[in-house]
Amino acid sequence: PVPRREELSVATRRTSRKIMVGPVAVGGDAPVSVQSMTTTPTTDIDATLQQIAELTAAGCEIVRVAVPSADDAAALPTIARKSQIPVIADIHFQPKYVFAAIDAGCAAVRVNPGNIRRFDDQVGAIARAAGDAGVPIRIGVNAGSLDRRLLDKHGGVTPDALVESALWECSLFEEHGFTDLKISVKHNDPVVMIEAYRKLAARCDYPLHLGVTEAGPRFQGTIKSSVAFGALLAEGIGDTIRVSLSAPPVEEVKVGAQILESLGLRPRGLDIVSCPSCGRAQVDVHTLAEQVTAALEGFPVPLRVAVMGCVVNGPGEAREADIGVAAGNGKGQIFVKGEVIRTVPESQIVETLLAEAARIAEEMGVD
Ligand code: SF4
């Protein structure tokens, strides 16, 4: 028998240990989670909470906030308490901000012990405080934070250098008996990044946070992240993801959620199956697909919607979809579950599809 789409999976997941970022499990058999980072000043508590609410609505499950100063650290208790999703404090050097973040109720801290040791060696105290509070730590290695010694040894920012750096950072906590860790080895080049994560995945069982750092503006960053995450997730590598874009963070979350949906790692929401159009098309497929996508964005039940430019392939695709249209000659054949239910003028295609979508939602008991 031919397996149904839902029965297929991209990969056997790498076995990683599970950690808890607040109530969100990361690693083990937990679903791959989507993260983002706020762009507001952390000291502006209202703006930060507003942005976190927007990220949450877009599908973000864990959010990171930057803590570069004492004023930012002072904002953490309110932000951690009022955020709908777990908050990770991102700290570079000062141990006192790490303790403040733990006391504030942050769900996790991102900090590299190598930096802490250089600045003021309180790695042991941090390990104890985080261990007592049940707060995991993410070690985040990237090109900018690589040790001179490793750069010289490996001849630059290579996958091996990133992995060695990450495992060394882990060892600084491990020697204090602290292993509630998650690791990232980000790089802006997907080729280096993919290889670094593959090597890291083979050398430890810590959960891995995937990221292509400084991936670029929306279009380029989306492509780079999708390609890199797709390659790794298809090999079962990756427990949580953050798409980095030079764009509002809500866009990062949308891309991250779509990557997981595309790979069947998160239940699908709106899935638009639209043809690229060709010389046979008798309507403007591109505009029609955009209109249908915009009209159904945020629709409360998962829907597969086919938008086809002619009746050559339309019925075939529409059969697999919940609803669909095959356009032709100024009209649209409207399909529901593969059956033509009516033909409407081109100007009524979008509203008819919307009405059919609403009917499906109603049948499922969703308003
Ligand atoms: Fe062309 Fe029709 Fe296929 Fe669209 S569905 S690409 S219009 S043949």
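Source: prediction; values computed, not measured. (Residues numbered from 1 in each chain as written. Predicted model: local features only at pLDDT ≥ 70, side-chain atom pairs only at ≥ 80, totals over all residues. Heavy atoms only, no water.)

## Brief notes about the packing of aromatic side chains
Then comes step 1: In the structure shown here, the tally under the stated rule is one aromatic pair.
Then comes step 2: Over the ring of Trp168 we find Arg149; its NZ or CZ atom is 6.0 Å from the centre of that ring. (Phe/Tyr/Trp six-rings, centres within 6.5 Å; stacked < 30°, edge-to-face > 60°. Lys NZ or Arg CZ within 6 Å of the ring centre and 35° of its normal.)

## Topic: the layout of surface pockets
Then comes step 1: There is about 620 Å³ of room inside the largest pocket.
Then comes step 2: Taken together, 22 residues form the lining of the largest pocket, with Gln258, Glu261, Leu270, Glu297 and Gly298 sitting closest to its centre.
Then comes step 3: Counting residues per element, the ones that place at least two in the lining of the largest pocket are helix 1 (45-58), helix 10 (249-262), strand 11 (270-274) and helix 11 (285-296).
Then comes step 4: Looking at which element gives the most residues to the lining of the largest pocket, the answer is helix 10, with four residues. (1 Å grid on protein atoms, 1.4 Å probe; cavity = no way out; pocket = protein on both sides within 12 Å on 5 of 7 lines; lining within 4 Å. Points joined across faces, edges and corners; volume = space filled by probe spheres on them. Helix = DSSP H or I, 4+ residues; strand = E, 2+ residues; numbered from the N terminus.)

## Description of a nonpolar patch on the surface
Then comes step 1: Residues Phe219, Ile223 and Val227 make up a contiguous nonpolar surface patch of about 330 Å² in total accessible area.
Then comes step 2: Turning to its location among the elements, Ile223 is positioned in helix 9 (residues 218-233). (Patch = residues over 30% accessible without salt bridge, like charges linked within 9 Å, V, L, I, M, F, W, Y side chains within 5 Å. Areas by Shrake-Rupley, 256 points an atom, 1.4 Å probe, with all protein chains shown as cover. Salt bridge = Lys/Arg side-chain N within 4 Å of Asp/Glu carboxyl O.)

## Focus on the UniProt feature "domain: IspG TIM-barrel" (unreviewed entry) in the protein chain
Then comes step 1: The UniProt feature table records "domain: IspG TIM-barrel" (unreviewed entry) at residues 17-256.
Then comes step 2: End-to-end, the C-alpha atoms of residues 17-256 are 22 Å apart, and along that stretch the chain is 48% helix and 17% strand. (UniProt positions renumbered as here; feature names shortened; annotations may be inferred.)

## A word on the UniProt feature "binding site: [4Fe-4S] cluster" (unreviewed entry) in the protein chain
Then comes step 1: Following the UniProt record, one finds the feature "binding site: [4Fe-4S] cluster" (unreviewed entry) at Cys275, Cys278, Cys310 and Glu317.
Then comes step 2: Mapped onto the fold, Cys275 is located in the loop between strand 11 and helix 11.
Then comes step 3: For Cys275, the contacting residues outside a window of four places in its chain are Val285, Val307, Met308 and Gly309.
Then comes step 4: For Cys310, the location among the structural elements is in the loop between strand 12 (303-308) and helix 12 (314-320).
Then comes step 5: In this view, Cys310 contacts Arg280, Ala326 and Ala327; residues no more than four positions away in its chain are not counted. (Contact = heavy atoms within 4.5 Å.)

## Quick notes on the sheet that holds strand 4 (residues 62-66)
Then comes step 1: Spatially, eight strands are ordered 8-7-6-5-4-3-10-9 in an open sheet, and the strand pairing comes out parallel. The open sheet has two edge strands, strand 8 (181-186) and strand 9 (209-211), and neither has a second partner. With strand direction ignored, the average angle separating the axes of adjacent strands in the sheet is 25°.
Then comes step 2: With three bridges joining them, strand 9 and strand 10 (residues 240-242) adopt parallel strand pairing. Opposite Leu210, over in strand 10, you have Ile241 as the bridge partner.
Then comes step 3: Helix 7 (residues 159-174) rests against strand 7 (137-142) and strand 8 of the sheet, and its axis sits at about 150° to strand 7. (Pairing = 2+ DSSP bridges. Axes fitted to C-alpha atoms, helices over the stretch in contact; angles between N-to-C directions.)

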